[in-house]
Amino acid sequence: MKAKTISVKKGNTLDTIRNFLTRLLKNKFLDGIMAPMLLPGGDGFVQSLIQDPDLLKKVNPTAPTIAVQSARILADLTSGSSKGELKGTLIGAVLKSCELRAVTELAKFLQIKLDNVVTIGIDCPGTCEVKDYAEAVKNNNGIPEQIFWNTFKDGTFKSQEGLSLRNACKICEYPAPMNADITIGLIGFDTQKEILVMAGESFEKQFKEKLSIELNEMIPDKRRITIEKIKSRHMENRTMIFNELSEKTENFNDLLKLLSTCIRCHNCMNACPICYCKECVFKSTVFEHNLNQYLNLAKRKGAIRMPTDNLIFHLTRLSHMATSCTGCGMCESACPNQLPISSLFGMMGDKLQEMFKYVPGRSIEEEPPVSVFKQDELHSETGSGG
Amino acid sequence: MAEYEPRIVAFLCNWCTYTGADLAGTSRLQYPANIRIIRLMCTGAVDTIYVLKALIEGADGILIGGCHPGDCHYQNGNYKVRRRMAILKQILKGFGYDEDRVWLRWISASEGKLFADTVISMVDELKKKGPNPINKLWTA
């Protein structure tokens, strides 16, 4: 990975980022760019596929808000074409770290085809709930993203009234994207003066020829140190939150208390990028029984809560996707009753990922634990007889 | 009071363990009647959801019986279920649940004796553990 520092004119970081994206589009480097664009109401940003370079003026990839997990969008964008069909077509996708890691996971599950995609990762110090962001804009608390200027510069974070980070972002392990084709680096820099552009070796020539950007610098230490500083603060939060949660979930009785306000809307599942099944078992008729079966069950337990899929829903989802959970927290943001789903999956995900020494999104080469096996492993699972 | 009799739901593969159970029967081997067998073509078809469903709705133990490593009729279904069950058991354990109510065992078509012995020892173990605590949780 080589880098180039780009100086920011008149302290306008956004213009510098927009300028860079515009050059990618205008110089036929990319055929389209997907990036968060300002909504007509001015109170939020949503991923948009942009063709007109002029509209990139409305783009703000640093806005601390995330409406939809981009991995799901990329799955929709790329699933309609067969391999090799669109040779030469390239779109750039501007992604936060958690989105990029989910993209990597979905690519491994064959839900995203990366042949026509250039991933453009951008540092993310955290995001706010969509409604909090909109509220902050309305209340005129300044430009909400300014609260992160210090985070970029020295790793510290001062919250602003009414604008706290989403829980998932408070415990995020990866503020900087992993393995993006192109990375826009903000952490470690006084972003009103300079930012960093990074790309792999395969892009060096194109950057020089098409953008006249010579990638000839190494990534400075100050960036690495600041990333570590943010990460270690988040890890402290993570340990604290997981410890508290683990005390609240010592047995199924406690877990059910924690989840007692779950209304089975399945929003967490619908918002989850990793839960990709087109035909979900929970939307199927698999567990539709006749009345007598329900009555039998009610007889056994005295009564049964309806609908019946409370514990089974969350535990099944844990067993299906926690090994690939990237911690984006969209599940928790989607929950109408603010259940700590993201922390629950993070806590259990850490254990399961450790079991298989797997880090979701770390590398496209690593197979997800649920889709492979080894012959020589887990012998203790089958009792002493092996 | 009658002695507590655990209820075991068993998912057995058609080619190995189910045939092994059949052999136990034709060989007139005695084993407890606490087991309810569901025959599947392969243990690779056992998703965690079915194990959870049985546990939540009243089973005291789950036995998953498949072919020995390398013997799967479909090459690798038994390796797949092993990973799946390892994941499920880690989750159960994480929530303070006794994951040892779920047994995965390799029993071939010729091992009728092993099948009978497995059921005997599983019933013994489950009697020691007592009834499945989820049975009483009406909101589960």
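Since we're looking at a predicted model, the values are computed, not measured. (Residues numbered from 1 in each chain as written. Chains lettered and ligands numbered in written order. Predicted model: local features only at pLDDT ≥ 70, side-chain atom pairs only at ≥ 80, totals over all residues.)

## Some thoughts on the overall build of chain A
Along its length, chain A carries 14 helices and 7 strands. Relative to the 2.2 N^0.38 estimate, which gives 21 Å for 386 residues, the radius of gyration of chain A is 22 Å and therefore close to what a compact globule would have. In terms of its C-alpha atoms, chain A occupies a principal-axis envelope of roughly 75 × 50 × 40 Å. Per-residue burial for chain A yields a buried fraction of 41% across its 386 residues. Taking the contacts inside chain A whose residues are at least 6 apart along the sequence as the reference set, 75% of them involve residues at least 24 apart. (Helix = DSSP H or I, 4+ residues; strand = E, 2+ residues; numbered from the N terminus. Rg over C-alpha atoms; globule rule 2.2 N^0.38 Å. Buried ≥ 20, exposed ≤ 12 C-beta atoms within 10 Å, placed from the backbone. Contact = placed C-beta atoms within 7 Å.)

## Details of the domain arrangement of chain A
Residues and elements named next belong to chain A. Domain assignment breaks chain A into domain 1 (2-224) and domain 2 (238-369). Put simply, the middle of domain 1 and the middle of domain 2, counted by C-alpha atoms, are 30 Å apart. The interface is formed by 26 residues belonging to domain 1 together with 25 residues belonging to domain 2. For the side of domain 1 that touches domain 2, the secondary structure elements donating two or more residues are α2 (70-78), α3 (97-108) and α6 (167-170). The element that contributes the greatest number of residues to the side of domain 1 that touches domain 2 is α3, accounting for 10 residues. Each residue belonging to the side of domain 1 that touches domain 2 can be placed in one class, and the counts come to 13 nonpolar, 5 polar and 8 charged. (Domains from an automatic or database assignment. Nonpolar A, V, L, I, M, F, W, Y, C, P; charged D, E, K, R; others polar.)

## What to know about helix α1 (residues 13-26) of chain A
All names here are of chain A. A rise of 1.5 Å per residue sets the reference length of α1, with its 14 residues, at 20 Å; its end C-alpha atoms lie 20 Å apart and thus fit the reference within 8%. Every buried residue of α1 is listed here: Thr 13, Thr 16, Ile 17, Leu 21, Leu 24 and Leu 25. If you follow the buried residues of α1, they end up packed against β1 (2-7), β2 (32-38), β4 (91-95), β6 (182-185) and β7 (194-199). Phi for Lys 28, located one or two positions after α1, is positive at around 60°. (Expected span 1.5 Å × (residues − 1).)

## Points about the interface of chain B and chain A
Chain B puts 34 residues into the contact, and the matching count from chain A is 37 residues. Only α2 (48-56), α3 (77-94) and β4 (102-106) of chain B provide two or more residues apiece to the side of chain B that touches chain A. The element best represented in the side of chain B that touches chain A is α3(B), accounting for 11 residues. For the side of chain B that touches chain A, a count of residues per class yields 19 nonpolar, 8 polar and 7 charged.

## What about the packing of helix α8 (residues 221-248) of chain A against helix α14 (residues 341-355) of chain A?
Residues and elements named next belong to chain A. Interhelical geometry of α8 versus α14 gives an angle of 95° and a closest axis separation of 10 Å. Considered as vectors, α8 and α14 are oriented roughly perpendicular to each other. Along its contact with α8, which presents Ile 241, Phe 242, Leu 245 and Ser 246, the element α14 presents Ser 343, Leu 344, Gly 346 and Met 347. The residue makeup of the contact of α8 with α14, split by class, is 5 nonpolar, 3 polar and no charged. (Axes fitted to C-alpha atoms, helices over the stretch in contact; angles between N-to-C directions. Parallel < 35°, antiparallel > 145°, perpendicular 65-115°, else oblique.)

## A word on the pairing of strand β1 (residues 8-13) of chain B
All names here are of chain B. The element β1 is extensively covered by neighbouring structure, given that 6 of its 6 residues are classed as buried. Along β1, one buried face is formed by Ile 8, Ala 10 and Leu 12 and the opposite face, lined by Val 9, Phe 11 and Cys 13, is buried too. Two strands pair when backbone bridges link them, and β1 and strand β2 (residues 35-40) are joined in this way by 6 bridges, in the parallel orientation. Bridging from a neighbouring strand, Cys 13 pairs with Leu 40 of β2. Between the parallel pair β1 and β2, the chain is carried across by helix α1 (residues 17-26), and the sense of this crossover is right-handed. Pairing of β1 with strand β3 (residues 61-66), which is carried by 5 bridges, proceeds in the parallel orientation. Considered in β3, the bridge of Val 9 is made with Ile 62. (Pairing = 2+ DSSP bridges. Right-handed = clockwise from strand over helix to strand, strands pointing away.)

## Quick look at the sheet that holds strand β5 (residues 117-122) of chain A
Residue and element names in this part refer to chain A. In space, the 7 strands of this open sheet follow the order β1-β7-β6-β5-β4-β2-β3, with mixed pairing throughout. Single-partner strands in this sheet number two, and they are β1 and β3 (45-50). Going from strand to strand, the sheet's axes swing by 25° on average, the running direction of each strand aside. Alignment of β6 against β7, held across 4 bridges, turns out to be antiparallel. Bridged to Ile 184 within β7 is Val 197.

## Some remarks on the sheet that holds β2(B)
All names here are of chain B. The sheet built from 4 strands is open, its strands ordered β2-β1-β3-β4 with parallel pairing. In this open sheet, the two edge strands, each paired with only one partner strand, are β2 and β4. In this sheet, neighbouring strand axes are inclined to one another by 20° on average, regardless of whether the strands run parallel or antiparallel. Relative to the sheet, α1 contacts β1, β2 and β3, its axis offset from that of β1 by approximately 110°. In the packing of α3 onto the sheet, the strands contacted are β3 and β4, and the crossing angle to β4 comes to about 160°.

## Here's the deal with unusual backbone geometry
With an omega of -15°, the peptide bond between A:Met306 and A:Pro307 qualifies as cis. With respect to the element layout, A:Pro307 can be found in the loop between α11 (291-301) and α12 (311-321). Phi angles above zero are rare outside glycine, and A:Lys28 is one such case at about 60°. Here A:Lys28 shows up in the loop between α1 and β2. Using a count of 9 C-beta atoms within 10 Å as the deciding quantity, one classes A:Lys28 as exposed. The backbone phi angle of B:Gln75 is positive, close to 75°, even though this residue is not glycine.

## Details of the pairing of β7(A)
Residue and element names in this part refer to chain A. Within β7, 5 of the 6 residues are buried, which leaves the element mostly enclosed by the surrounding structure. Sheet topology note: the β1/β7 ladder contains 6 bridges and is antiparallel. In the strand pairing of β7, Lys 2 is matched with Ala 199.

## So, the nonpolar core
Within soluble globular proteins, side chains that are nonpolar generally end up buried alongside one another. In this structure, A:Ile33, A:Val103, B:Val51, B:Ile62 and B:Ile64 are the most contacted members of the largest nonpolar core, which totals 136 residues. Looking at which domains feed residues into this core, each of domain 1 (2-224) and domain 2 (238-369) of chain A gives three or more. Contact partners of B:Ile62, with chain neighbours within four places excluded, come to B:Val9, B:Val51, B:Ala54, B:Leu55, B:Arg101, B:Val102 and B:Trp103. (Core = buried A, V, L, I, M, F, W, Y, C linked by C-beta atoms within 7 Å.)

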